[in-house]
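Okay, here's what each chain looks like letter by letter:
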Amino acid sequence: DLVLTAARRRVPSVVTLHDHFTTCLVTFRVPPSNPLPCEVPLAADPCLGCAAHLPPETSWVSASEARLILAERTRGLARELELARCVLVPSQAHGEALARAWAPHGLDVEFLVSRPACELELVERARPKPPVEGAPLVVAAWGQVSALKGIDLLIQAVAKLPPGRVRVELAGREQEPGWLDALLSEHPGVELMWHGAFEREGLREHRLSEAHLMVSATRACESHGLVLDEARVLGMPAVLPAAGAFVERAAEGGCKLYKPQDVDSLAAALDELSRSPSELARLEQEVWSARVVRPHERAAELLDHYEMARIEGIGEGVTKGEWYDERMSSFAEEEWDQRCASTPSTEV
């Protein structure tokens, strides 16, 4: 109720929707039990069942209570978007996906595209020589090491190629300790170096920067893909799934698309680039003309949106709220805390 609270005090709001939080209880529209992108509108069935796969278990909340809480959540978020003077999204694809998800609830989301900025400095430099005479194609992947980001799909794709054809440089925190080791034990022929956590500011000096390509195998329909901006700053072409914002961003150049979550399609894309130095060079050349938003550009754009919201102000019809709204909200929180505290830890 942040937008509502501000509106009641005659303060206008600008909202940025950078993921699917408003229309998905697991945020990314990738169900934990079935890692395929979900297009189902937010509803008690199946969304509460999907969210139940994630910790912690809330055994003190009955099924009927959960439905009421979800309905209130949906109502509150819809009200927030209706009251916002401006709704920003990081890509056209993401805005359209959110509009489709909200339509069944009777909300017509009007949005403006405002691309995030990349803080890394763009410095043109020599790229590694293409793989020749049996040398491997070196691909880099960085970010969260998890199934959501499709690291398992990347490893499976590399495993389909002849040994030594592709080498993987991987960096990022592992979401589940031991997950990567278990995965590599199933594919002992894959040559992969995991560098662990990294600092974004140090990417230029990181071993990742020496790779021929950045590869994303994410299962999520990315709303923007900051990792693509980082690759472009490094002068690195990208191999991406043809889904979400990646489709429109790939049109800017320096990218090769493959069928999302299709291991054979990803393997074929990597195989082609490992055999074609000219195609790799063409993609590298395109990278330098691809768009990367700089921080000062984004700041100026946001200030324009803020000023427009300030000028438009708050429309009529925003009530000050009844005295019992806050009291009922506080009561609900206190009730939750008491029932949680009285629930044995083994049930949580």
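Above this note sits the structure.
Structure report, in brief.

Scoring rules and cut-offs
- Residues numbered from 1 in each chain as written.
- Predicted model: local features only at pLDDT ≥ 70, side-chain atom pairs only at ≥ 80, totals over all residues.
- Heavy atoms only, no water.
- Helix = DSSP H or I, 4+ residues; strand = E, 2+ residues; numbered from the N terminus.
- Buried < 20%, exposed > 50% of the residue type's maximum accessible area, 1.4 Å probe, protein only.
- Pairing = 2+ DSSP bridges.
- Axes fitted to C-alpha atoms, helices over the stretch in contact; angles between N-to-C directions.
- Contact = heavy atoms within 4.5 Å.
- Polar contact = N/O pair within 3.5 Å; in protein donor to acceptor, adjacent residues only side chain to side chain.

**Describing unusual backbone geometry**
- With an omega of 15°, the peptide bond between Asp45 and Pro46 qualifies as cis.
- The omega torsion of the bond from Pro55 to Pro56 falls at -5°, within 30 degrees of zero and hence cis.
- Mapped onto the secondary structure, Pro56 falls in the loop between helix H2 (44–51) and helix H3 (63–83).
- A positive phi angle, close to 60°, is found at Arg29, a residue other than glycine.
- Structurally, Arg29 can be placed in the loop between strand S1 (14–16) and H2.
- On the accessibility criterion, Arg29 (8% relative accessible area) is buried.
- Within the chain, Gln261 stands out as a residue other than glycine whose phi angle is a positive 55°.
- A residue is classified by how much of its surface remains accessible, and Gln261, at 22% relative accessible area, is partly exposed.

**What to know about the sheet that holds strand S7 (residues 213–215)**
- The six strands lie next to each other as S6-S5-S4-S7-S8-S9, forming an open sheet whose pairing is parallel. Each end of this open sheet is capped by a strand with a single partner; those strands are strand S6 (191–194) and strand S9 (255–258). Averaged over all neighbouring strand pairs, the angle between strand axes comes to 25°, with direction disregarded.
- Here strand S4 (residues 137–142) runs beside strand S5 (residues 166–171); their pairing, made up of six bridges, is parallel. The residue bridging Ala141 from the neighbouring strand is Leu170, located in S5.
- Across the sheet, helix H9 (residues 263–275) is in contact with S4, S5, S7, strand S8 (238–241) and S9; its angle to S9 comes to roughly 145°.

**Some details on the environment of Arg298**
- Within the fold, Arg298 resides in helix H11 (residues 295–312).
- Not counting residues within four places of it along the chain, the set of residues in contact with Arg298 comprises Ser114, Arg115, Pro116, Ala117 and Val293.
- Side chain to side chain, Arg298 and Ser114 meet in a polar contact 2.9 Å long.

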